[in-house]
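# A structural walkthrough
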There are 2 protein chains.
Amino acid sequence: MNSLFDPKSVAVIGASDNPSKLGFHVMKSLVKGGYEGSLVPVNPGAERIFGIKAFASVSVSQVPIDLAIVVVPASLVAGVLKECAAARVKGIVLITAGFKEIDDPAGAVLHEEIAEIANQAKIPVIGPNTFGMVNLRAKLNASFTPEFSMANPGDIALVSQSGGISHLLGFLAMGDGVGFSKIVGLGNRLNVDFAQMADYLMDDPDTRAIALYVEGIDDPGELLAAAKRHAGKKPIVAFKSGSGSVGDAAARSHTGTMAGRHEIYSHAFKQAGILTVPRTQALLDAAKALAACSLPGGPGVAVLSGQAGPSMAACDVCEQRGLEIVRFGTDTQARINELLPPLALRTNPVDMGPAWYDAAAIKEIIRAVMDDKKVHGILFLMMFASANVDALTGISGLLREWGQKKPVVSCILSPPGIWDDQIQELEDAKALVNYATPERAACAMAYLWEHKLLQRIM
Amino acid sequence: MNSLFDPKSVAVIGASDNPSKLGFHVMKSLVKGGYEGSLVPVNPGAERIFGIKAFASVSVSQVPIDLAIVVVPASLVAGVLKECAAARVKGIVLITAGFKEIDDPAGAVLHEEIAEIANQAKIPVIGPNTFGMVNLRAKLNASFTPEFSMANPGDIALVSQSGGISHLLGFLAMGDGVGFSKIVGLGNRLNVDFAQMADYLMDDPDTRAIALYVEGIDDPGELLAAAKRHAGKKPIVAFKSGSGSVGDAAARSHTGTMAGRHEIYSHAFKQAGILTVPRTQALLDAAKALAACSLPGGPGVAVLSGQAGPSMAACDVCEQRGLEIVRFGTDTQARINELLPPLALRTNPVDMGPAWYDAAAIKEIIRAVMDDKKVHGILFLMMFASANVDALTGISGLLREWGQKKPVVSCILSPPGIWDDQIQELEDAKALVNYATPERAACAMAYLWEHKLLQRIM
């Protein structure tokens, strides 16, 4: 699998200079993505592709091939895989569609045929019927979407059963400043399924949290066993679609698996310590928090807010999700009362509005709350206003120094371009994780606590 | 109220050149926001402010004042209001805090005193304890946040009991391309409450949908009566915080109102035809759909998707929210089967993946579904991939021409900068409303249907 995800050489079988062919887009992904290893276009009908010398087959390539990306028609795939086996290719990304996901039973027969070839040769295959995969740390874009190279490198590995969802989350993450180690489209899972990916990613030094998008798995037990085997090592969070009857039927049809039944998955995932979330955006939000935050030692949350309204929206979600808006210890409350005039909420949630101009007071409030034993995590909410533009600078040092000894989850929001860089720097320093709404921030804190509880159960 | 929201002249009482004073930020809002009427800084200690001739009081201003924005300390407000009354000021935005929201009972006494002055003089007052208000169509930024002028002008009026939530939604909307007619921070509601705003906005030609953020109202009956009085005229959608006990207590404390009890609000709002939503982001999402879409004639939805995964996530939400993923009519299904090869889902949801390169086929599928009597609304989902970059261009004409005879709600997503302009143009043409996730798009469709049902009940 290492050679698959971090190959020294890549062949594109079915490479093309014609933009109406996927083989063109795959070549573009590798070239524009800045892949630094040997790149070998394979196409019997071309001398050069993208200006690079092309070969008629992997068997006549001058360099040994670590990874072959296959984009030939389905009918040619078996032959290509045999050539790959003979040439001792170490891993394959099989983009070609038209196997067991189609109405025609011939697709399933073909699937079995190529599975046998790959398994006999012990070649791990991502796909078929996938957009491919991306290793952002290795500048390897082995997909038909060159724009995946625009994604930020980061700590989250996304493993998805749907190319559409991979694209969705990839693009959402670009806007949210969330980074990935790898984005992997499993497709029809010839011999690399969620379980194999979990095993691999648990030992992947670039990955701190594993996010799964699941439609249906043939053998869920494999994944559950893998998750249990690595329990406590790295968090796994999953979004399983198909909670409704239509989505479930569609999932079964789309992926060629029969095992839908949403509740069974939820229960089994929980038993295996896998956190489940109900939405695409939540998958990203939870993975981001799990990759960057310490886990709370209990459900007690302090809500510190620059304005009262957002803190109420956050408190509502906290209470719905099993977090407690704790009553501060006597010392903490006394300190806050010294620092804040009696003009606004001073108990939990704390409205720090009256201290906008007083960065020292805000810092002292945060410090007092951090030291309160009843507080297990801090929700920090602040909306920009012209008058509080310096407030973030005032507390950055403290937040960095604190280094999330207890988790700090925030909703710090400004018009585009004002606080963006400062927030990104705080996130990069792992001083906090930030979300665009107070409710998403509160949910992220709840996910941290739910994950902690799952670890305790196991 | 017209003079308040669209004044020919504005006085800033407490104007300042000192950036540590709110009077500075208010002046900056008006000047940088491009307000085109007469601007009169009032400050007895200055000759000029922002280079504009200042006056000691509104009573000595050379022009009659339509709107006075007041940012003097609380102790001076009563005197200032008397001067405004004497000078026949037509409306006031009272930013000053320190009235009934503070711990000290003197605040409530002061509130009553200034209420009597304003009511006797029949001057409508926004505030006290507010960031102000913005009329984006009139380039009037009567707030202490100059950055509100960066918001897009649009059809939604946001009326909020929290400055923090106004800032939050204002900034979120900038990122989402959502536009406002007005953003109004009600503060402690001296004599302009939700009911008065609803009455005013129902006749405001710039406003197509009214979004309310509610913490607690002294006399909810007034708002309900106003909503019923204007039933069917313009949609009202409300987010009420305080569903949990902490948020509820905080809301009561923050706004000085005693009437929390979340369920009672939800029920009463429903009776009055006001749609309620559970989150800040949802308030924006629902208002955006209600301002731009026709209403579905029934719960039947067609889900057309460029990829299968996102359609499953959308179907799950549709089913949860009372929408039906209808079985297409025989003719529709036959037409789709002609247009799509049997490689993917062809019933509802439709996976149009195999037709990526065939804009004509995608157009025909959409047209067939639009004409199906069982379909009341269309969810259109498409994730960008290098290979389908032209797909959006291919269908833009059809969507514009169709003009939402049935609502079209979409999740069309690309990396930043690729499809953004095209999507914005389609939204501006009211050909569709677009959301960043399939679930938010599905929710928006559900809000349209829920709103339709509320109208039927009334």
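Thresholds applied
- Residues numbered from 1 in each chain as written.
- Chains lettered and ligands numbered in written order.
- Predicted model: local features only at pLDDT ≥ 70, side-chain atom pairs only at ≥ 80, totals over all residues.
- Heavy atoms only, no water.
- Contact = heavy atoms within 4.5 Å.
- Buried area = accessible area lost by both parts, 1.4 Å probe.
- Salt bridge = Lys/Arg side-chain N within 4 Å of Asp/Glu carboxyl O.
- Polar contact = N/O pair within 3.5 Å; in protein donor to acceptor, adjacent residues only side chain to side chain.
- Helix = DSSP H or I, 4+ residues; strand = E, 2+ residues; numbered from the N terminus.
- Nonpolar A, V, L, I, M, F, W, Y, C, P; charged D, E, K, R; others polar.
- Core = buried A, V, L, I, M, F, W, Y, C linked by side-chain atoms within 4.5 Å.
- Buried < 20%, exposed > 50% of the residue type's maximum accessible area, 1.4 Å probe, protein only.
- Least-squares fit on C-alpha atoms with pLDDT ≥ 70 in both.
- Pairing = 2+ DSSP bridges.
- Axes fitted to C-alpha atoms, helices over the stretch in contact; angles between N-to-C directions.
- Parallel < 35°, antiparallel > 145°, perpendicular 65-115°, else oblique.
- Left-handed = near helix turned anticlockwise from the far one by under 90°.
- Domains from an automatic or database assignment.

A few words now on the interface of chain A and chain B. Across the contact, 72 residues belong to chain A and 72 residues belong to chain B. Carbon and sulfur atoms make up 67% of the area that chain A and chain B hide from each other, which totals about 5,200 Å². Among the residues chain A hides against chain B, the three largest losses belong to Phe171(A), Met312(A) and Ser386(A). Together they make up 11% of the total. Along the contact surface separating chain A from chain B lie zero salt bridges. Our count for the chain A to chain B interface comes out at 14 residue pairs in polar contact (both at pLDDT 80 or more). Contributions of two or more residues to the side of chain A that touches chain B are made by helix H2 (22-32), helix H5 (163-176), helix H8 (245-255), helix H10 (280-292), helix H11 (308-320), strand E19 (408-413) and helix H16 (438-457) of chain A. Sort the elements by how many residues they give to the side of chain A that touches chain B and H11(A) lands first, with ten residues. Residues belonging to the side of chain A that touches chain B are distributed by class as follows: 39 nonpolar, 23 polar and ten charged.

With that settled, the discussion passes to the nonpolar core. Within the largest apolar cluster, 301 residues are counted, with the highest numbers of intra-cluster contacts made by Met197(A), Leu379(A), Ile69(B), Met197(B) and Leu379(B). Beyond its immediate stretch of four places on either side in the chain, Leu379(A) contacts Val301(A), Ala302(A), Val303(A), Leu304(A), Ala314(A), Cys318(A), Val409(A), Ala441(A), Ala442(A) and Met445(A).

Aligned on chain B, chain A shows an RMSD of 0.0 Å; the corresponding rotation is 180° and the shift along the axis is 0.0 Å. The superposition operator between the copies reduces to a two-fold rotation axis. In terms of C-alpha distance to the rotation axis, chain A has Gly175(A) as its closest residue, with the C-alpha 4.7 Å off the axis. The residues that chain A uses at the interface reappear at the interface of chain B in 100% of cases, marking a shared surface.

The next subject is the sheet that holds strand E2 (residues 38-42) of chain B. Across the sheet, which stays open at both edges, the five strands sit in the order E2-E1-E5-E6-E7 (chain B) with parallel pairing between neighbours. Of all strands in the sheet, those bounded by a partner on one side alone are E2 and strand E7 (125-126) of chain B.

A separate point is the packing of helix H3 (residues 74-86) of chain A against helix H4 (residues 106-120) of chain A. All names here are of chain A. Two elements in contact, H3 and H4, have axes whose closest approach is 9 Å; the angle formed by their N-to-C orientations is 15°. Here H4 runs roughly parallel to H3, going by the angle between their axes. By crossing handedness, the relation of H3 to H4 is classed as left-handed. Where H3 abuts H4, its residues Ala74, Val77, Ala78, Leu81 and Lys82 lie against Leu110, Glu113, Ile114, Ile117 and Ala118. Residue classes in the contact of H3 with H4 are distributed as eight nonpolar, no polar and two charged.

What follows covers the domain arrangement of chain A. Residue and element names in this part refer to chain A. Domains assigned within chain A are domain 1 (1-130), domain 2 (151-292) and domain 3 (294-457). Placing a centre on the C-alpha atoms of domain 1 and another on those of domain 2 gives a separation of 25 Å. Contacts between domain 1 and domain 2 engage 19 residues on the former and 18 residues on the latter. Taking both partners together, domain 1 and domain 2 bury about 1,500 Å²; carbon and sulfur atoms supply 58% of that area. For the pair domain 1 and domain 2, the number of links is one salt bridge. Counting every contact that joins domain 1 to domain 2 gives eleven residue pairs in polar contact (both at pLDDT 80 or more). Those elements that place two or more of their residues in the side of domain 1 that touches domain 2 are helix H1 (2-5), H4 and strand E7 (125-126). Top element by residues in the side of domain 1 that touches domain 2 is H4. It accounts for five residues. In the side of domain 1 that touches domain 2, the residues fall into eleven nonpolar, six polar and two charged.

Next up on the list: the packing of helix H6 (residues 194-202) of chain B against helix H7 (residues 220-229) of chain B. Relative placement of two packed helices is described by the angle separating their axes and the distance separating the axes. All names here are of chain B. H7 packs onto H6 with a crossing angle of 15° between their chain directions and a minimal axis gap of 8 Å. Relative to H7, the element H6 lies roughly parallel. As for how H6 packs across H7, the hand of that crossing is left-handed. On the side of H6, the interface is formed by Phe194, Ala195, Gln196, Ala198 and Asp199, while H7 contributes Glu222, Leu223, Ala226 and Arg229. In terms of residue class, the contact of H6 with H7 is built from five nonpolar, one polar and three charged.

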